[in-house]
Amino acid sequence: MKMKQTTIKLLVLVLLCSSQKITAQQPLQLTVQPSKPGAPIPSTMWGIFFEDINFAADGGLYAELVKNRSFEFPMPMMGWNEIETKGSTASTLIINHGKENTANLRYASVSVNTASGVYGLSNEGFRGMGIYAGKQYNFSIVAKDHPGAAVKVKVQLVNASGKIIGETTLESFTTDWKKYTAVISTTDTAQKGKLNLLFEGNGTVDIDVVSLFPANTFKNRPNGLREDLAQKLADLKPGFIRFPGGCIVEGRDLTNRYQWKTTVGNVDDRKLIMNRWNVEFKQKSAPDYFQSFGLGFYEYFQLADDLGAEPLPILNCGMACQYNSAEVVSMDALQPYIQDALDLIEFANGPVTTVWGKLRSDMGHPAPFNLKFIGVGNEQWEAQYFERYKVFEKAILAKYPNIKIVSGAGPYSNGEYFDMAWKELKQLSPSLIDEHYYKPPKWFLDNASRYDKYDRTGPKVFAGEYAAHTKDVNASEGRNNWESAIAEAAFMTGLERNADVVNMASYAPLLAHVEAWQWRPDLIWFDNLRSTGTPNYYVQKLFSTNRGTTVIPILKNGEVLAGKDSVYATAAIDKNTNEIILKLVNISAAATPVKLELEKTAVQKQAAKMQVLKSADKTAFNTLDNPVVVAPEEKTLAITNNKIDVTLDGSSLTVIRIAVKKL
Ligand code: AHR
């Protein structure tokens, strides 16, 4: 009898388990309705946010390898070390020009004689210099001899052990300041190379603006950008590029704010300032972090042009960072700030006969940059912002009525200040309002339908800075794990589905040096030679390179998919390529079968293209050594008439492109 009972219990258990199994494997029945086009998806939908944080510009995207090239850091020899043999009588003196040149005040005056032995100056680069074997490097120096001097400069690229991997010699300097250039070919790769200048001869030579660039920069532009990093940006096919930040726009105080006019014109004359991230976080202080502005507003516009992205400059609105000094300029002194905004539009778009249009042309771009957007303020809040924003808006729209102004909702994603911002700004005329959210992954999952309920009549949303923040792990790149990336993917389905409300979105921050970061997670990590896209990067890439032109419904029993059944989805048509594009995010660890019906659709082929980004391990992340732990895989998928059976892998983002006969 006892035995019989146990058998019955077991049978019930087996039946229960198998019925649960059957339930779990019931396919989700989804309907896609290309004949019901919704909102157009703007070309600006997916863009990038660039800020000089984590050594993103100097030491990163900006390809200059010499740190403190003009001796303008407050400690003028920072980044430079003397090389000398014992008993050397040689020396270097830092000299201040006085008022002769206010942007580039200092230079180094090097005195040597035959008794000096070996004497030189070595530049350490930004955590070393990344140098590749078999490449060419453009060296330049501004120099002059003192009368009677005969000094030779041996220029050497060396690796970490001091082995010479490329060299050249410069001599016969005149007694007037002049730029001297040389091309150096390299024999070896160095992860932590250095640049040595060895001085030989008799007398004193003055040197300034010591520069070393790879000959190959992105699009081979002079004063250009690091190729691998810029290419990673280009691969995203961004619809816009927001620059130069971020908090860097605001400055810790108003004197430390970003002023675009000091970043254009002759590169040697751009006035260096401290990078605010130098001192922002005590535990991540970076005493050698400055902004040379070699990558300045002209270069940003050029980059936007090269990427085919709309430039979106963000300007200071007369307010310093409210987390720092929080100082504001008085209302009666706001005009120069407004003039900066008006002049920037002239710099970007004005005819070459205008003052600022002429500067753009003189710098190499007579054609306008066709600026359409301008941001006023970064993360500002409370009345002092609205008061200042209002004056900017009036002046900008009076002169340039077609410019779209981006205003900001501040650093909070909801709450009192956020609501106040929307209320105040809705009474004005910004085209877009910038919202920021740095939140845990769960927030992103819970907010996938955030914009389903937004007011359709007000200004559009610019999701200008966002990233899912997970727990810290040791590796620099460790916070960019799959858990964060899949949560962002789920959230982004909600952005795309609401493209009538959300017109622009950008992950932040963009770039980080593994040895010099202040903030993480970040979209792309790099060292001196290598770079890697994070899982979050691949999510961005899958969305931006599969954008589509118009939202169409993808429904389960007439409802959008925003997390029920662990699936999030968005669908679009691409009128240019005649395709239906589906993006499906499965946050369940289990594989989920789906039956898709493409309503009223004639497909071109009985097969679709599919890209899958997945990981069974939520803590998985990419590193420079293992860069494709989480990376998209390409597959094909069978279609039967207008029906597709697909199994969404556990914890995955799936993008499906279906070519159709007519849309
Ligand atoms: O992206 C990093 C910082 O986060 C930005 O500078 C700022 O706008 C935000 O607080």
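Residues numbered from 1 in each chain as written. Predicted model: local features only at pLDDT ≥ 70, side-chain atom pairs only at ≥ 80, totals over all residues. Heavy atoms only, no water.

Attention now moves to the pairing of strand β21 (residues 502–507). Residues in a regular strand project their side chains so that they alternate between the two faces of the sheet. Counting buried positions over the six residues of β21 gives six, a clear majority of the element. As defined by bridge partners, strand β20 (residues 460–468) adjoins β21 across four bridges and the pair is classed as parallel. Paired with Tyr 466 across the bridge in β21 is Tyr 507. What joins β20 to β21 is helix α9 (residues 482–497), and the crossover it makes is right-handed. (Buried < 20%, exposed > 50% of the residue type's maximum accessible area, 1.4 Å probe, protein only. Helix = DSSP H or I, 4+ residues; strand = E, 2+ residues; numbered from the N terminus. Pairing = 2+ DSSP bridges. Right-handed = clockwise from strand over helix to strand, strands pointing away.)

Cis geometry is found at the peptide bond from Ala 508 to Pro 509, where omega equals -15°. Here Pro 509 shows up in the loop between β21 and β22 (511–513). Backbone torsion omega between Arg 520 and Pro 521 reads 10°, so that peptide bond is classified as cis. Looking at the secondary structure, you find Pro 521 in the loop between β22 and β23 (524–526). Not every positive phi belongs to a glycine, and Phe 55 is a case in point at roughly 65°. Here Phe 55 lies in the loop between β2 (48–49) and β3 (80–84). Exposure remark for Phe 55: the relative accessible area of 1% places this residue in the buried category. One non-glycine residue with positive phi stands out, namely Ser 651, at about 50°. Assessed through its relative accessible area of 4%, Ser 651 is described here as buried.

Below, the discussion takes up the site of the ligand. Phe 49, Glu 51, Gly 246, Cys 247, Trp 277, Asn 378, Glu 379, Tyr 438, Glu 465, Pro 509 and Trp 519 make up every residue found near the ligand. Contact distances for the ligand include 2.8 Å between an oxygen atom and a side-chain N or O atom of Glu 379. Contact with the protein chains covers 96% of the free accessible surface of the ligand, which is 280 Å². When its residues are assigned to classes, the shell around the ligand shows six nonpolar, two polar and three charged. (Near = heavy atom within 4 Å. Polar contact = N/O pair within 3.5 Å; in protein donor to acceptor, adjacent residues only side chain to side chain. Areas by Shrake-Rupley, 256 points an atom, 1.4 Å probe, with all protein chains shown as cover. Nonpolar A, V, L, I, M, F, W, Y, C, P; charged D, E, K, R; others polar.)

Right, let's talk about the domain arrangement of the protein chain for a bit. Taken as a whole, the protein chain is organised into domain 1 (26–40 + 551–659), domain 2 (48–64 + 220–546) and domain 3 (80–214). The distance between the C-alpha centroids of domain 2 and domain 3 comes to 36 Å. Taken together, the contact between domain 2 and domain 3 spans 19 residues of the former and 23 residues of the latter. The interface formed by domain 2 and domain 3 contains two salt bridges. Among the salt bridges present, the one from Lys 192 reaches Glu 515, with a minimum N-O distance of 2.7 Å. Across the contact surface, domain 2 and domain 3 share eight residue pairs in polar contact (both at pLDDT 80 or more). Class assignment for the residues of the side of domain 2 that touches domain 3 results in five nonpolar, five polar and nine charged. (Domains from an automatic or database assignment. Contact = heavy atoms within 4.5 Å. Salt bridge = Lys/Arg side-chain N within 4 Å of Asp/Glu carboxyl O.)

Below, the discussion takes up the sheet that holds β23. Taken together, three strands build an open sheet; the order of strands is β22-β23-β24 and the sheet is mixed. The open sheet has two free edges, formed respectively by β22 and β24 (531–533), since each of these has just one partner strand. Between one strand and the next, the sheet's axes are offset by a mean angle of 20°, whatever the strand orientation. One ladder, built from three bridges, connects β23 with β24; its direction is antiparallel. (Axes fitted to C-alpha atoms, helices over the stretch in contact; angles between N-to-C directions.)

Taken as a whole and assessed by the stated rule, the structure comprises 38 salt bridges. Note that Asp 340 and Lys 261 form a salt bridge whose closest N and O atoms lie 2.9 Å from each other. Here Asp 340, found in helix α4 (residues 335–349), pairs with Lys 261, found in the loop between β13 (240–243) and β14 (273–274); they are 79 residues apart in sequence, far enough to count as distant. Judged by relative accessible area, which is 16%, Asp 340 ranks as buried. Judged by its relative accessible area of 26%, Lys 261 is partly exposed.

This next bit is on the sheet that holds strand β31 (residues 607–614). A sheet is described by the order of its strands in space; here six strands give the open sequence β25-β28-β29-β34-β31-β32, paired in antiparallel fashion. Each edge of the open sheet carries a strand with a single partner, namely β25 (550–552) and β32 (633–638). Adjacent strand axes in the sheet meet at a mean angle of 25° when their direction is disregarded. Sheet topology note: the β31/β32 ladder contains six bridges and is antiparallel. Residue pairing across strands places Met 610 opposite Lys 635, the latter belonging to β32. Running at roughly 50° to strand β28 (residues 567–574), α9 makes contact with β25, β28, β29 (579–586), β31 and β34 (652–659) of the sheet. Lying over the sheet, helix α10 (residues 535–544) contacts β29, β31 and β34, oriented at roughly 155° with respect to β31.

Attention now moves to the side chain of Ser 544. Along the chain, the position of Ser 544 falls in helix α10. Owing to a relative accessible area of 10%, Ser 544 belongs among the buried residues under this scheme. Setting aside anything within four residues of it in sequence, one finds Ser 544 in contact with Trp 46, Leu 236 and Lys 237.

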